[in-house]
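Residues per chain are reported as follows:
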Amino acid sequence: DEIGQTPVVIFHRPGTLSAAAFDCRLGDRVLRFASGDGEAVRDTATGSHWNRQGQATAGPLAGACLRFLPSAVEEWFAFAAAHPGAGIWKLEEPS
């Protein structure tokens with residue numbers, strides 16, 4: 001996904017309210033990610049494993065860190081109270 005001109009990835013822990021957004025750019029490449037086993041996901045270009053803090057923990061990019069993007073997980077009722085004009089966006093299924 002992209003926000004403006006920035007390619008982003010969201011790392012989320014299923015079953016929790018834990019998630020963080022990161023810039024997918026690392027140097028001159030834009031990484032793409034796939035689900036991995038347990039705590040890690042992997043980038044599809046190098047197979048490096050990434051933790052939920054945006055750091056590569058294994059593989060050719062081990063030690064590299066993605067840039068954190070300001071983000072937070074909020075309950076809808078709290079967000080809606082702070083932003084009364086907000087709505088819920090829904091992807092429409094192709095007909």
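See the structure above.
Residues numbered from 1 in each chain as written. Predicted model: local features only at pLDDT ≥ 70, side-chain atom pairs only at ≥ 80, totals over all residues. Heavy atoms only, no water.

Undergrad: Any chance you could break down the packing of aromatic side chains for me, citing the residues and the numbers?
TA: Two descriptors summarise a pair of aromatic rings, namely the distance from one centre to the other and the angle between the planes of the rings. Enumeration over the complete set of coordinates arrives at five aromatic pairs. When the ring of Phe22 is compared with that of Phe68, the centres are 5.9 Å apart and the planes differ by 75°; the resulting orientation is edge-to-face. Taken together, the positions of Phe22 in strand S3 (residues 19-23) and Phe68 in strand S10 (residues 67-69) put the pair 46 residues apart, joining distant regions of the chain. For Phe22, a relative accessible area of 2% gives the class buried. With 5.8 Å between their ring centres and 85° between their planes, Phe33 and Trp50 make a pair best called edge-to-face. Of the two residues, Phe33 sits in strand S6 (residues 33-35) while Trp50 sits in strand S8 (residues 49-50), which places them 17 residues apart along the sequence. Chaining the aromatic ring pairs together yields one cluster made of Phe11, Phe22, Phe33, Trp50 and Phe68. (Phe/Tyr/Trp six-rings, centres within 6.5 Å; stacked < 30°, edge-to-face > 60°. Helix = DSSP H or I, 4+ residues; strand = E, 2+ residues; numbered from the N terminus. Buried < 20%, exposed > 50% of the residue type's maximum accessible area, 1.4 Å probe, protein only.)

Undergrad: Explain the side chain of Ser48 residue by residue, including any values.
TA: Take Ser48: it is sitting in the loop between strand S7 (41-43) and S8. On the basis of relative accessible area, Ser48 is assigned to the buried category, the value being 0%. The residues contacting Ser48, other than those within four sequence positions of it, are Val41, Arg42, Asp43, Ala58, Gly59, Pro60 and Leu61. (Contact = heavy atoms within 4.5 Å.)

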